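# Descriptive analysis of the structure
Listed below are the residues making up each chain.
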Amino acid sequence: MNILGHLHTINRHKILVMKYCFKAGLYKQGILHDLSKYSPVEFISGAKYYQGYRSPNSAEREAIGYSKAWLHHKGRNKHHYEYWIDFGIDSSKGLQGMPMPDRYIVEMFIDRMAACKTYYGENYKDSSPLEYYEKNKSHYIMHPHTVELLEGLLNMLATKGEEETIKYIKNIRYNK
């Protein structure tokens, strides 16, 4: 169990998200982001499965077949698209991505950028969050508007860089 390593990782991630949320004008979201990671179910699992180069949720999933920490986390944090999965009005279509408020899509974008910076370290590039998304998006269940906005921001980051993307977000006022 690596309590200090895990604490350092979640604090570093949270500080990065807060920094970018503040730059984008999302002050409340910056402060409240990922507070559930300090809850016992998430923190203990995170420390137990800590590796330092990837999410401990992946290691927990490999060890026991699911992640208690992730199930707890995604149900309490609106910046995860999984929070917004439900049966639609026509339940015969199965589970669907529900519309996310834009401010949470922006927080999800910032979260992905900060996670890549945290885990990739000096190997981070502005294209890293887009590359990670592209590699995994085939199994995502997201509302079309969520996909459109998230992919637009990830592509803007990859092509125009961090400063211009955050400036764009702030000027569009996604904090409503």
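This section reports on the structure supplied with the text.

About the cut-offs
- Residues numbered from 1 in each chain as written.
- Predicted model: local features only at pLDDT ≥ 70, side-chain atom pairs only at ≥ 80, totals over all residues.
- Heavy atoms only, no water.
- Core = buried A, V, L, I, M, F, W, Y, C linked by side-chain atoms within 4.5 Å.
- Buried < 20%, exposed > 50% of the residue type's maximum accessible area, 1.4 Å probe, protein only.
- Helix = DSSP H or I, 4+ residues; strand = E, 2+ residues; numbered from the N terminus.
- Contact = heavy atoms within 4.5 Å.
- Phe/Tyr/Trp six-rings, centres within 6.5 Å; stacked < 30°, edge-to-face > 60°.
- Salt bridge = Lys/Arg side-chain N within 4 Å of Asp/Glu carboxyl O.
- Polar contact = N/O pair within 3.5 Å; in protein donor to acceptor, adjacent residues only side chain to side chain.

Below, the discussion takes up the nonpolar core. One finds Phe109, Ile110 and Leu150 to be the most contacted residues of the largest nonpolar core, which totals 30 residues. Broken down by secondary-structure element, the contributors of at least two residues to this core are helix H1 (3-24), helix H6 (102-120), helix H7 (128-136), helix H8 (144-160) and helix H9 (162-172). Discounting chain neighbours no more than four positions away, the residues touching Ile110 are Val17, Tyr20, Cys21 and Ala24.

Turning our attention to the environment of Arg12. Locating Arg12 in the fold gives a position in helix H1. Once the C-alpha coordinates of Arg12 and Lys117 are considered, the two residues, 105 residues apart in sequence, prove to be 9.6 Å apart.

Okay, the packing of aromatic side chains next. A full pass over the atoms with the stated rule returns five aromatic pairs. Relative to Tyr140, the ring of Tyr81 lies with its centre 4.9 Å away and its plane at 50°, an arrangement referred to as tilted. Of the two residues, Tyr81 sits in the loop between helix H5 (68-74) and strand S1 (85-87) while Tyr140 sits in the loop between H7 and H8, which places them 59 residues apart along the sequence. The class for Tyr81 is buried, based on a relative accessible area of 7%. For Tyr140, a relative accessible area of 15% gives the class buried. Cluster of aromatic residues (ring-pair linked, three or more members): Tyr81, Tyr133 and Tyr140.

Opposite charge on two side chains permits pairing when their charged atoms draw close. Per the counting criterion, the structure on display carries six salt bridges. Between Glu131 and Lys125 there is a salt bridge whose closest N-O contact spans 3.9 Å. Residues joined by salt bridges that share partners form a network here, namely Glu134, Lys137 and Glu151.

Another aspect to go through is the environment of Asp34. Counting through the fold element by element, Asp34 comes out in the loop between helix H2 (27-32) and helix H3 (40-48). With 90 residues separating them along the chain, Asp34 and Tyr124 place their C-alpha atoms 22 Å apart. Here Asp34 is in contact with His13, His73, Asn77, His79, His80 and Asp111, once residues within four sequence places are set aside. In terms of polar contacts, Asp34 uses its side chain to reach the side chain of His73, at 3.1 Å.

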